[in-house]
Amino acid sequence: MFVDNVDLTISSGKGGAGAISFWTEKFVIKGGPDGGDGGRGGSVFFKVDNNTDTLSGLRGRNHIKAENGRPGEGRKKYGRKGQDTTIIVPPGTVVVDMETGEELLDLVEEGQIVKFLEGGKGGLGNMHFKSSTNQRPTYAQPGLPGITKQVRLEMKLIADVGLVGYPNVGKSTLIATLSNARPQVANYEFTTLTPKLGVVHVSDYDSFMMADIPGIIEGASDGRGLGLEFLRHIERTKTLLLMIDAANYREMKYQYETLLVELDRYSETLAGRKHAIAITKIDSLSRDEVNTLTETFLKDIGLEANDTLKKYKADMNYLSYGFKTDFGVPLPQKEPLFVLPISSVAHINTEALRYALGDFVKNVKEETEAEEK
């Protein structure tokens, strides 16, 4: 079962109490205090593991608690430290404080181990409180309590390209065509019920990660449909591919603008991501019909068809648009980087889309790195 968010109460262990004890042994006069210290309580760690891709293992575990430290004993014996607890999570897990809404941890690197809650310190035994004025101390410290936090774990997929579109627009078919992912594909809406990841190979030494989420419909930001629930899975992506259905009863301009509105209502950051457009299902229309619709759509969004995508071996029998990149010229922020008609079923322009997206991802990464410097 795919589970991408769970609510947990997490507690570190309480420190053990220090002991009150006196050395009593035959022929030993006034042996003095010998109470040992209590052990430290167990801490709670998070560990990132690539071998898990869901939070389902944590579902139903309402309270995860590290072991308490053991109390000290006589003869200056220290209490045993409480056993630590390690919570295994998939890459891309975010830990959010349920009381404040603050993001506490963002766990993305494979093998990363982070201490989340420190165990309570053990109390000192009475042997520490002997002095010239108090030869027989009858006091020892109690252990400090552990820390308890109520948190929500949210999984956000780590991908380079996020697919966004209406239900049944062809996202699952595309990711199955371009990558190693095998999502459920059917000719009805909401076949994708959970997010999917796929690796798209551009060459032997170059690839990128693509994420498919359930379709977005009008009013998604108000809770309609499934898409909004999973939009967090593409929050990490630097690029978006908006998929517009050429055969849909909705006008392409309307589909495009609705997707932008819903993205903006969900997150200004996500709405600001650089994007490209794929016009899908062109195999269900004639070439002239596709070109007429594409020309109208480009005109509606203020663009004009060109042959820039020819370098990716796009089929020039179909109108398309590509932003002419050049050294020092920033990528467009509000406009799409390219608009390309495709058919995943008939394999029209799918290879051109593969290489265009590969270049898109590379250019955005280079621009981001330059801005950070």
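If you're wondering where the values come from, they're calculated on a predicted model, not measured in any experiment.

Colleague: Quick question: what am I supposed to make of the packing of helix α3 (residues 252-266) against helix α5 (residues 287-300) here?
Modeller: Two quantities define a packed helix pair, namely the angle between the axes and the distance from one axis to the other. Running from N to C, α3 and α5 cross one another at 45 degrees; their axes reach a closest spacing of 9 Å. Judged by the angle between their axes, α3 and α5 are oblique. Along the contact surface, α3 presents M252, K253 and Y256, while α5 presents L293, T294, F297 and D300.

Colleague: I tried to follow the environment of T239 on my own but got confused; where do I start?
Modeller: Turning to its location among the elements, T239 is positioned in strand β12 (residues 239-245). Separated by 36 residues in the primary sequence, T239 and H275 place their C-alpha atoms 5.5 Å from one another. Not counting chain neighbours up to four residues away, the residues in contact with T239 comprise D160, V161, G162, K274, F360, V361 and V364. Within the structure, T239 has its side chain in polar contact with the backbone oxygen of D160 (distance 2.5 Å).

Colleague: Sorry, what's going on with the nonpolar core here?
Modeller: In summary, soluble globular proteins display a tendency toward joint burial of nonpolar side chains. Counting residues in each nonpolar core, the largest one holds 78 residues, and the members touching the most others are F46, L153, L241 and F338. What L241 contacts, discounting residues up to four positions off in sequence, is V161, G162, L163, V164, L174, A276, I277, A278, L353 and L357.

Colleague: Looking at this structure, I do not really get unusual backbone geometry. What am I missing?
Modeller: When glycine is set aside, most residues are seen to have a negative phi, and most peptide bonds are trans. The phi torsion at K281 lies on the positive side, around 60 degrees, for a residue other than glycine. Note that K281 resides in the loop between β13 (274-280) and α5. What makes K281 partly exposed here is its relative accessible area of 24%. Backbone geometry places H347, a non-glycine residue, at a positive phi of 55 degrees. Tracing the backbone shows H347 in the loop between β15 (338-341) and α6 (350-372).

Colleague: Looking at this model, I keep getting lost on the pattern of salt bridges. Mind explaining?
Modeller: Two side chains of opposite charge can pair, provided their charged atoms sit close to one another. Throughout the structure, instances matching the rule amount to 14 salt bridges. When the shortest N-O distance is used, the salt bridge between R40 and E118 registers 3.5 Å. Taken together, the residues R40 in the loop between β1 (5-11) and β2 (44-48) and E118 in the loop between β7 (113-117) and β8 (148-155) connect sequence positions 78 residues apart. You can call E118 partly exposed: its relative accessible area is 33%. Ionic pairing is found between E118 and K115, a salt bridge with its closest N-O pair at 3.1 Å. Each of R40, K115 and E118 takes part in one network of salt bridges that share partners.

Colleague: Hey, could you run me through empty space enclosed by the protein in this one?
Modeller: The gaps left among the atoms become clear once a water-sized probe is rolled over them. Inspection of the entire model under this criterion finds one cavity of 30 Å³ or more. Put simply, the largest cavity is a space of about 90 Å³. If you go around the largest cavity, you meet 13 residues; those closest to its centre are K311, Y312, F323, T325 and L337. Tallying contributions element by element places α6 first for the lining of the largest cavity, with four residues. Of the residues that constitute the lining of the largest cavity, the class distribution is seven nonpolar, four polar and two charged.

Colleague: Honestly, the confidence of the model for the chain in this entry has me stumped. Any pointers?
Modeller: Predicted coordinates in regions of low pLDDT should not be interpreted in detail. Summarising the model, the chain shows a mean pLDDT of 85, and 88% of its residues fall at 70 or more. Low pLDDT (under 50) marks residues 183-193, which in the prediction has 27 contacts with non-local residues, meaning those over four places away or in another chain. Long-range and interchain partners of residues 218-227, a stretch whose pLDDT sits below 50, account for 27 contacts in this model, where long-range means more than four residues apart.

Colleague: Looking at this structure, how should I read the pairing of strand β5 (residues 93-97)?
Modeller: The two faces of the sheet receive side chains in turn, since in a regular strand these alternate between them. Counted residue by residue, β5 has five buried out of five residues, so it is predominantly covered. Taking every second residue as pointing to the same face, both faces of β5 are buried, with T93, V95 and D97 on one and V94 and V96 on the other. By the bridge criterion, four bridges tie β5 to strand β6 (residues 103-107) in an arrangement that is antiparallel. Paired with V95 across the two strands is L105, which belongs to β6. Hairpin connection of β5 to β6: five residues between the antiparallel strands, including G101 at a positive phi of 80 degrees.

Colleague: Can you walk me through α5 in this structure?
Modeller: Look at α5: 20 Å from first C-alpha to last across 14 residues, which is about the 20 Å you get at 1.5 Å a residue. Of the residues making up α5, those classed as buried are V290, N291, T294, F297 and L298. On an axial view of α5, the arc spanned by its buried residues comes to 130 degrees, and they lie on one face. Exposed and facing more than 90 degrees away from the buried side of α5 are D288, E295 and K299. Against α3, β13, β14 (321-322) and β15 lie the buried residues of α5. The first or second residue beyond α5 is G302, which carries a positive phi of 80 degrees.

Colleague: Hey, could you run me through the packing of aromatic side chains in this one?
Modeller: What characterises a pair of aromatic rings is the spacing of the ring centres plus the angle enclosed by the ring planes. One pass over the full model with this rule turns up four aromatic pairs. A ring pair is formed by F46 and F116, whose centres lie 5.3 Å apart and whose planes are at 65 degrees; its orientation type is edge-to-face. Remark: F116 occurs in strand β7 and F46 occurs in strand β2; sequence separation between them is 70 residues. The same class applies to F46 and to F116, which are both buried. Here the aromatic rings of Y256 and F297 are separated by 5.8 Å at their centres, their planes lie at 85 degrees, and the arrangement is edge-to-face. One end of the pair, Y256, is in helix α3; the other, F297, is in helix α5, with 41 residues separating them in the sequence. Like Y256, the residue F297 is buried in the burial classification. Between R136 and the ring centre of F22, over which it is positioned, the NZ or CZ distance is 4.0 Å.

What counts, and where the lines are drawn
Residues numbered from 1 in each chain as written. Predicted model: local features only at pLDDT ≥ 70, side-chain atom pairs only at ≥ 80, totals over all residues. Heavy atoms only, no water. Axes fitted to C-alpha atoms, helices over the stretch in contact; angles between N-to-C directions. Helix = DSSP H or I, 4+ residues; strand = E, 2+ residues; numbered from the N terminus. Parallel < 35°, antiparallel > 145°, perpendicular 65-115°, else oblique. Contact = heavy atoms within 4.5 Å. Polar contact = N/O pair within 3.5 Å; in protein donor to acceptor, adjacent residues only side chain to side chain. Core = buried A, V, L, I, M, F, W, Y, C linked by side-chain atoms within 4.5 Å. Buried < 20%, exposed > 50% of the residue type's maximum accessible area, 1.4 Å probe, protein only. Salt bridge = Lys/Arg side-chain N within 4 Å of Asp/Glu carboxyl O. 1 Å grid on protein atoms, 1.4 Å probe; cavity = no way out; pocket = protein on both sides within 12 Å on 5 of 7 lines; lining within 4 Å. Points joined across faces, edges and corners; volume = space filled by probe spheres on them. Nonpolar A, V, L, I, M, F, W, Y, C, P; charged D, E, K, R; others polar. pLDDT = per-residue confidence, 0-100. Pairing = 2+ DSSP bridges. Expected span 1.5 Å × (residues − 1). Arc of directions from axis to C-beta. Phe/Tyr/Trp six-rings, centres within 6.5 Å; stacked < 30°, edge-to-face > 60°. Lys NZ or Arg CZ within 6 Å of the ring centre and 35° of its normal.

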